[in-house]
Amino acid sequence: ELELKKKKEEEGVIIDAIKQRNINIERKKGGELSLADLEPCHPAALHKPVHLDSQSGELVFPVLFLYPEFVETDFIEEFRETETLAAHIEVMFGEGCERPPWDQEARYTPASICVYLETADQKLAQIPQATTLLSALQ
(Lines give C-alpha, C1' and ligand atoms only; values in the text may rest on other atoms or scores of the structure.)
Protein backbone atom coordinates (compact mmCIF):
# COMPACT_ATOMS: atom_id res chain seq x y z
CA GLU A 1 0.00 0.00 0.00
CA LEU A 2 2.85 2.38 0.84
CA GLU A 3 4.56 1.54 -2.47
CA LEU A 4 1.35 2.23 -4.38
CA LYS A 5 0.95 5.58 -2.63
CA LYS A 6 4.54 6.53 -3.48
CA LYS A 7 4.00 5.59 -7.15
CA LYS A 8 0.83 7.72 -7.31
CA GLU A 9 2.72 10.67 -5.83
CA GLU A 10 5.51 10.29 -8.40
CA GLU A 11 2.93 10.15 -11.19
CA GLY A 12 1.32 13.31 -9.85
CA VAL A 13 4.66 15.14 -9.87
CA ILE A 14 5.24 14.17 -13.52
CA ILE A 15 1.72 15.22 -14.54
CA ASP A 16 2.14 18.54 -12.70
CA ALA A 17 5.46 19.14 -14.48
CA ILE A 18 3.82 18.49 -17.86
CA LYS A 19 0.96 20.86 -17.06
CA GLN A 20 3.32 23.58 -15.77
CA ARG A 21 5.29 23.43 -19.02
CA ASN A 22 2.12 23.61 -21.17
CA ILE A 23 3.02 20.43 -23.02
CA ASN A 24 0.32 19.28 -25.41
CA ILE A 25 -0.60 15.66 -24.75
CA GLU A 26 -3.39 13.90 -26.58
CA ARG A 27 -5.62 12.25 -24.00
CA LYS A 28 -6.51 8.66 -24.81
CA LYS A 29 -9.62 8.50 -22.68
CA GLY A 30 -10.59 12.15 -22.31
CA GLY A 31 -10.87 13.70 -18.87
CA GLU A 32 -7.81 14.44 -16.74
CA LEU A 33 -4.31 13.86 -18.03
CA SER A 34 -2.76 10.64 -16.72
CA LEU A 35 0.44 8.70 -17.26
CA ALA A 36 -1.58 6.27 -19.38
CA ASP A 37 -1.77 9.09 -21.94
CA LEU A 38 2.04 9.07 -22.08
CA GLU A 39 2.58 5.34 -22.47
CA PRO A 40 4.74 4.69 -25.51
CA CYS A 41 3.20 2.54 -28.23
CA HIS A 42 6.46 1.38 -29.82
CA PRO A 43 7.64 -1.99 -28.43
CA ALA A 44 11.18 -0.73 -27.76
CA ALA A 45 9.81 2.12 -25.66
CA LEU A 46 7.43 0.17 -23.44
CA HIS A 47 9.78 0.07 -20.46
CA LYS A 48 11.08 3.61 -20.91
CA PRO A 49 8.32 5.86 -19.59
CA VAL A 50 8.39 9.64 -19.31
CA HIS A 51 10.07 10.56 -16.05
CA LEU A 52 11.70 13.39 -14.15
CA ASP A 53 15.46 13.43 -13.76
CA SER A 54 15.96 13.25 -10.00
CA GLN A 55 18.92 15.65 -10.08
CA SER A 56 17.95 18.29 -12.64
CA GLY A 57 14.15 18.09 -12.41
CA GLU A 58 13.98 17.91 -16.21
CA LEU A 59 11.36 15.84 -17.96
CA VAL A 60 12.87 12.95 -19.91
CA PHE A 61 10.96 11.37 -22.78
CA PRO A 62 11.38 8.33 -25.01
CA VAL A 63 11.50 9.66 -28.59
CA LEU A 64 11.17 7.85 -31.88
CA PHE A 65 12.64 9.17 -35.11
CA LEU A 66 10.90 7.72 -38.18
CA TYR A 67 12.41 7.36 -41.63
CA PRO A 68 9.39 6.38 -43.74
CA GLU A 69 11.42 6.31 -46.96
CA PHE A 70 13.29 3.29 -45.60
CA VAL A 71 10.69 2.02 -43.08
CA GLU A 72 13.28 2.48 -40.33
CA THR A 73 13.31 4.05 -36.89
CA ASP A 74 15.75 5.30 -34.30
CA PHE A 75 14.72 5.10 -30.68
CA ILE A 76 16.16 7.55 -28.16
CA GLU A 77 15.48 6.20 -24.69
CA GLU A 78 16.18 9.42 -22.82
CA PHE A 79 15.61 12.70 -24.63
CA ARG A 80 15.69 15.57 -22.13
CA GLU A 81 13.25 18.42 -22.56
CA THR A 82 16.07 20.97 -22.88
CA GLU A 83 17.99 19.08 -25.56
CA THR A 84 17.66 20.11 -29.18
CA LEU A 85 16.72 17.88 -32.05
CA ALA A 86 19.99 18.94 -33.70
CA ALA A 87 22.05 17.50 -30.84
CA HIS A 88 20.58 14.04 -31.35
CA ILE A 89 20.68 14.26 -35.14
CA GLU A 90 24.38 15.13 -34.91
CA VAL A 91 25.02 12.03 -32.80
CA MET A 92 23.14 9.83 -35.26
CA PHE A 93 24.26 11.32 -38.58
CA GLY A 94 27.13 13.72 -37.90
CA GLU A 95 30.59 13.62 -39.38
CA GLY A 96 32.51 10.53 -38.32
CA CYS A 97 29.38 8.60 -37.33
CA GLU A 98 28.88 5.09 -38.58
CA ARG A 99 26.33 5.12 -41.40
CA PRO A 100 23.16 3.14 -40.84
CA PRO A 101 22.95 0.15 -43.21
CA TRP A 102 19.93 1.68 -44.91
CA ASP A 103 21.78 4.93 -45.76
CA GLN A 104 24.88 3.76 -47.57
CA GLU A 105 24.58 6.66 -50.02
CA ALA A 106 25.02 9.04 -47.01
CA ARG A 107 21.94 11.04 -47.96
CA TYR A 108 21.07 11.58 -44.31
CA THR A 109 23.30 14.28 -42.87
CA PRO A 110 22.51 16.90 -40.23
CA ALA A 111 22.29 19.54 -43.00
CA SER A 112 19.92 17.49 -45.17
CA ILE A 113 17.47 16.26 -42.55
CA CYS A 114 14.08 17.93 -42.18
CA VAL A 115 12.19 17.25 -38.98
CA TYR A 116 8.42 16.93 -38.82
CA LEU A 117 6.18 16.49 -35.82
CA GLU A 118 2.74 14.97 -36.00
CA THR A 119 0.19 17.43 -34.64
CA ALA A 120 -2.93 16.63 -32.62
CA ASP A 121 -5.02 16.80 -35.80
CA GLN A 122 -2.63 14.26 -37.41
CA LYS A 123 -0.97 16.72 -39.76
CA LEU A 124 2.78 17.11 -40.14
CA ALA A 125 4.42 20.34 -39.04
CA GLN A 126 8.05 21.03 -39.94
CA ILE A 127 10.15 22.22 -37.02
CA PRO A 128 13.69 23.60 -36.98
CA GLN A 129 16.43 21.30 -35.72
CA ALA A 130 17.45 23.97 -33.21
CA THR A 131 14.12 23.42 -31.43
CA THR A 132 14.26 21.88 -27.98
CA LEU A 133 12.04 18.94 -27.27
CA LEU A 134 10.06 21.09 -24.83
CA SER A 135 9.36 23.73 -27.47
CA ALA A 136 8.33 21.07 -29.97
CA LEU A 137 5.83 19.62 -27.50
CA GLN A 138 4.21 22.92 -26.55
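Definitions and limits used
Residues numbered from 1 in each chain as written. Predicted model: local features only at pLDDT ≥ 70, side-chain atom pairs only at ≥ 80, totals over all residues. Heavy atoms only, no water. Helix = DSSP H or I, 4+ residues; strand = E, 2+ residues; numbered from the N terminus. Buried < 20%, exposed > 50% of the residue type's maximum accessible area, 1.4 Å probe, protein only. Pairing = 2+ DSSP bridges. Phe/Tyr/Trp six-rings, centres within 6.5 Å; stacked < 30°, edge-to-face > 60°.

Along the chain, the position of Lys8 falls in helix H1 (residues 2-20). Residue Lys8 is classed as exposed on the basis of its relative accessible area of 54%. Put simply, Lys8 and Cys97 are 89 residues apart on the chain and 41 Å apart in space, counted from C-alpha to C-alpha.

Sheet analysis places strand E4 (residues 115-118) next to strand E5 (residues 124-127), joined by 4 bridges and oriented antiparallel. When the sheet's bridge partners are listed, Tyr116 is paired in E5 with Gln126. Counted along the chain from E4 to the antiparallel partner E5, the turn is 5 residues long, and its residue Gln122 has a positive phi close to 65°.

Let us now look at the packing of aromatic side chains. A full pass over the atoms with the stated rule returns 8 aromatic pairs. Relative to Trp102, the ring of Phe93 has its centre 6.1 Å away and its plane inclined at 70°; by these criteria the two rings are edge-to-face. The same class applies to Phe93 as to Trp102, namely buried. Following the ring pairs from residue to residue traces out a cluster consisting of Tyr67, Phe70, Phe93, Trp102 and Tyr108.

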